[in-house]
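Okay, here's what each chain looks like letter by letter:
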Amino acid sequence: MKKQTVTYPLRLPASLKAAVAEISKEDGTSINQFVATAVAEKVSAMKTAEFFTSRRAKADIKAARRILRRKGGQPPEPEDRLR
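Conventions adopted
Residues numbered from 1 in each chain as written. Predicted model: local features only at pLDDT ≥ 70, side-chain atom pairs only at ≥ 80, totals over all residues. Heavy atoms only, no water. Helix = DSSP H or I, 4+ residues; strand = E, 2+ residues; numbered from the N terminus. Rg over C-alpha atoms; globule rule 2.2 N^0.38 Å. Areas by Shrake-Rupley, 256 points an atom, 1.4 Å probe, with all protein chains shown as cover. Lys, Arg positive; Asp, Glu negative; His and termini not counted. Charge placed at Lys NZ, Arg CZ, Asp CG, Glu CD. Patch = residues over 30% accessible without salt bridge, like charges linked within 9 Å, V, L, I, M, F, W, Y side chains within 5 Å. Salt bridge = Lys/Arg side-chain N within 4 Å of Asp/Glu carboxyl O. Buried < 20%, exposed > 50% of the residue type's maximum accessible area, 1.4 Å probe, protein only. Phe/Tyr/Trp six-rings, centres within 6.5 Å; stacked < 30°, edge-to-face > 60°. Axes fitted to C-alpha atoms, helices over the stretch in contact; angles between N-to-C directions. Parallel < 35°, antiparallel > 145°, perpendicular 65-115°, else oblique. Contact = heavy atoms within 4.5 Å. Nonpolar A, V, L, I, M, F, W, Y, C, P; charged D, E, K, R; others polar. Expected span 1.5 Å × (residues − 1).

**Q** Lay out the overall build of the protein chain with the relevant residues and their values.
**A** For the protein chain, the helix and strand inventory stands at three helices and zero strands. Shown N-terminal to C-terminal, the secondary structure of the protein chain runs as helices and strands in the order α-α-α. Its C-alpha atoms give the protein chain a radius of gyration of 23 Å, more than 25% over the compact-globule value 12 Å for 83 residues. Structurally, the protein chain occupies a C-alpha span of about 60 × 35 × 35 Å along its principal axes. Total accessible area computed for the protein chain in this model is approximately 8,700 Å², and 57% of it derives from carbon and sulfur atoms. Looking at the protein chain, you have 18 positive and 9 negative side-chain charges, and the mean spots of the two groups are 10 Å apart.

Encoded structure:
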């Protein structure tokens, strides 16, 4: 399956474009690949923050604390203990 791509004219300050060109050259990638990856990372970070914000709204802190304080179970194995 071929991925659909679109073009987007992007204007960057000359100093930023030069920095991107230098980094992408050192990395062995194109400027386009660098910019696409940077945008993907930012979108991912924003979506992750959105996900955890929505999860936080549904959290029951009192229930979580009860679970953490409950008794029972087996003690951790020696290799599972914190040092």
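**Q** Run through a positive patch on the surface, naming residues and quoting values.
**A** The grouping of Lys62, Arg65, Arg66 and Arg69 at the surface amounts to a positive patch. Within the secondary structure layout, Lys62 lies in helix α3 (residues 61–69). Classification of Lys62 as exposed rests on a relative accessible area of 65%.

**Q** I'd like a description of the packing of aromatic side chains, backed by residues and values.
**A** Taken as a whole and assessed by the stated rule, the structure comprises one aromatic pair. Geometrically, the ring pair formed by Phe51 and Phe52 is edge-to-face, given 5.1 Å between the ring centres and 75° between the ring planes.

**Q** Summarise the packing of helix α1 (residues 14–27) against helix α2 (residues 31–57); cite the residues concerned and give the values.
**A** At a minimum axis distance of 9 Å, the contact between α1 and α2 shows a crossing angle of 105°. Here α2 runs roughly perpendicular to α1, going by the angle between their axes. For the pair α1 and α2, contact is made by Lys17, Val20, Ala21, Ile23 and Ser24 and by Ile31, Phe34 and Val35, respectively. Here the contact of α1 with α2 is built from residues that sort into six nonpolar, one polar and one charged.

**Q** Can you lay out α1 for me, pointing to particular residues and giving the numbers?
**A** Here α1 is 14 residues long and its end C-alpha atoms lie 20 Å apart, about the 20 Å a rise of 1.5 Å per residue gives. Gly28 sits one or two positions beyond α1 and adopts a positive phi of about 75°.

**Q** Please set out a nonpolar patch on the surface residue by residue, giving values where relevant.
**A** Residues Tyr8, Leu10, Leu12 and Leu16 make up a contiguous nonpolar surface patch of roughly 430 Å² in combined accessible area. Relative to the helices and strands, Tyr8 resides in the segment before α1.

By themselves, these observations are geometric and do not establish any function.
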